[in-house]
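Observations on the model geometry
Below, each chain spelled out in residue letters.
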Amino acid sequence: MSLLLPHLIIHLLLLTMVTGEILRPRFYSETCPEAESIVRNEMKKALIREARSVASVMRLQFHDCFVNGCDGSVLLDDTPNMLGEKLSLSNINSLRSFEVVDDIKEALEKACPSTVSCADIVIMASRDAVALTGGPDWEVKLGRKDSLTASQKDSDDIMPSPRANATFLIDLFERFDLSVRDMVALSGSHSIGKGRCFSIMFRLYNQSGSGKPDPALEPVYRKKLNQLCPLGGDENVTGDLDATPRVFDNQYFKDLVSGRGFLNSDQTLYTSRETRGYVKRFSEDQGEFFRAFEEGMVKLGDLQSGRPGEVRLNCRVVNTRHNDVLLGDS
């Protein structure tokens, strides 16, 4: 019985993660028929203002859904009574473009007040970020409620570091019933956007405490990164995550094959025997990568905590009536 207990706990955890609201396509077809069009139009505006912003919005789905399911908790600001997720180790000085979600929410509230959840906005906007930059377009399931709280500790306990290796990532994704194929494909979200020097200093100058650079780095690429991120320099300087940072394509995987992965958690996908085959396959067949990415995003979007929720009027704060309860008022 003692040997079975850990497996039973994991099974119950997975059941909990997928139990919650019943999600379905076109959820707002009657209550807010223009919802998806409004989100896409706002994402188009964001792309024109700053190309990087749509990549930043897409990453919100990963950082939201892995922490107690896709419930918009990552959007909540801290309060005197709650340390939220924005300042967690994996999010501080990293997650950005929350104002894009604010703009989307404002447009939706004008069209359909108190109807579309912030959690669903993240899911729709993430899909649109991919589609608008040349990637696949897919039908999203909607109907989520917004979390009434957020937890910095929960985020710290679950979100991976840029130093993570393939084995750690495989184990993490398996906790959410996401396969190795799903994990490698979803890592392809780094096909667009930028990363900070802070995240790669150890790779460039002290990999695994050796005092030397990561031997997996292709020499010419390493010199380029050394110039971008010198020792003692500004670690908030950003570099492209792949060679085509404004286009969602399979260049990310081609770069990994040639030793040009920006993050350790990227390059490890090629140096690890368990994941190398998928990297090679996706680098050679963009269509297969797109299909796998689409499937992975849908599965990721299915994660739910089953906790009570609401439709927030402002994505950064819980509605007043719930906030009063949280503060102990009645």
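Just so it is clear, the structure is predicted and the values come from calculations on it, not from any experiment.

Counted according to the given criterion, the structure contains 23 salt bridges. With a closest N to O distance of 2.7 Å, Arg316 and Asp102 form a salt bridge. Of this pair, Arg316 sits in the loop between strand E6 (309-310) and helix H15 (320-326) while Asp102 is found in helix H4 (residues 98-111), placing the two residues 214 residues apart along the sequence. The exposure class assigned to Arg316 is partly exposed, which follows from its relative accessible area of 24%. Measuring nitrogen to oxygen at the nearest pair gives 2.7 Å for the salt bridge that ties Arg127 to Asp128. Note on accessibility: Arg127 and Asp128 belong to one class, buried.

This part covers the UniProt feature "binding site: Ca(2+) 2" (unreviewed entry) in the protein chain. Residues annotated in UniProt with the feature "binding site: Ca(2+) 2" (unreviewed entry) correspond here to Asp242, Thr244 and Asp249. Note that Asp242 resides in the loop between strand E5 (238-240) and helix H11 (251-257). Accessibility expressed as a relative area gives 5% for Asp242, which makes it buried. Counting through the fold element by element, Asp249 comes out in the loop between E5 and H11. In this structure Asp249 comes out as buried when scored by relative accessible area, which is 12%. In contact with Asp249, other than residues within four places in its own chain, are Ser191, Asp242, Thr244, Gln286, Phe289 and Phe290.

Domains assigned within the protein chain are domain 1 (25-159 + 303-310) and domain 2 (166-300). Each of domain 1 and domain 2 has a C-alpha centre, and these two points are 23 Å apart. Contacts between the two partners involve 25 residues from domain 1 and, on the opposite side, 24 residues from domain 2. Carbon and sulfur atoms supply 69% of the area buried between domain 1 and domain 2, which totals about 2300 Å² over both sides. Contact with domain 2 buries surface across domain 1, with Phe62, Phe66 and Trp138 losing the most and accounting together for 25% of the total. The interface formed by domain 1 and domain 2 includes zero salt bridges.

The rules behind these values
- Residues numbered from 1 in each chain as written.
- Predicted model: local features only at pLDDT ≥ 70, side-chain atom pairs only at ≥ 80, totals over all residues.
- Heavy atoms only, no water.
- Salt bridge = Lys/Arg side-chain N within 4 Å of Asp/Glu carboxyl O.
- Helix = DSSP H or I, 4+ residues; strand = E, 2+ residues; numbered from the N terminus.
- Buried < 20%, exposed > 50% of the residue type's maximum accessible area, 1.4 Å probe, protein only.
- UniProt positions renumbered as here; feature names shortened; annotations may be inferred.
- Contact = heavy atoms within 4.5 Å.
- Domains from an automatic or database assignment.
- Buried area = accessible area lost by both parts, 1.4 Å probe.

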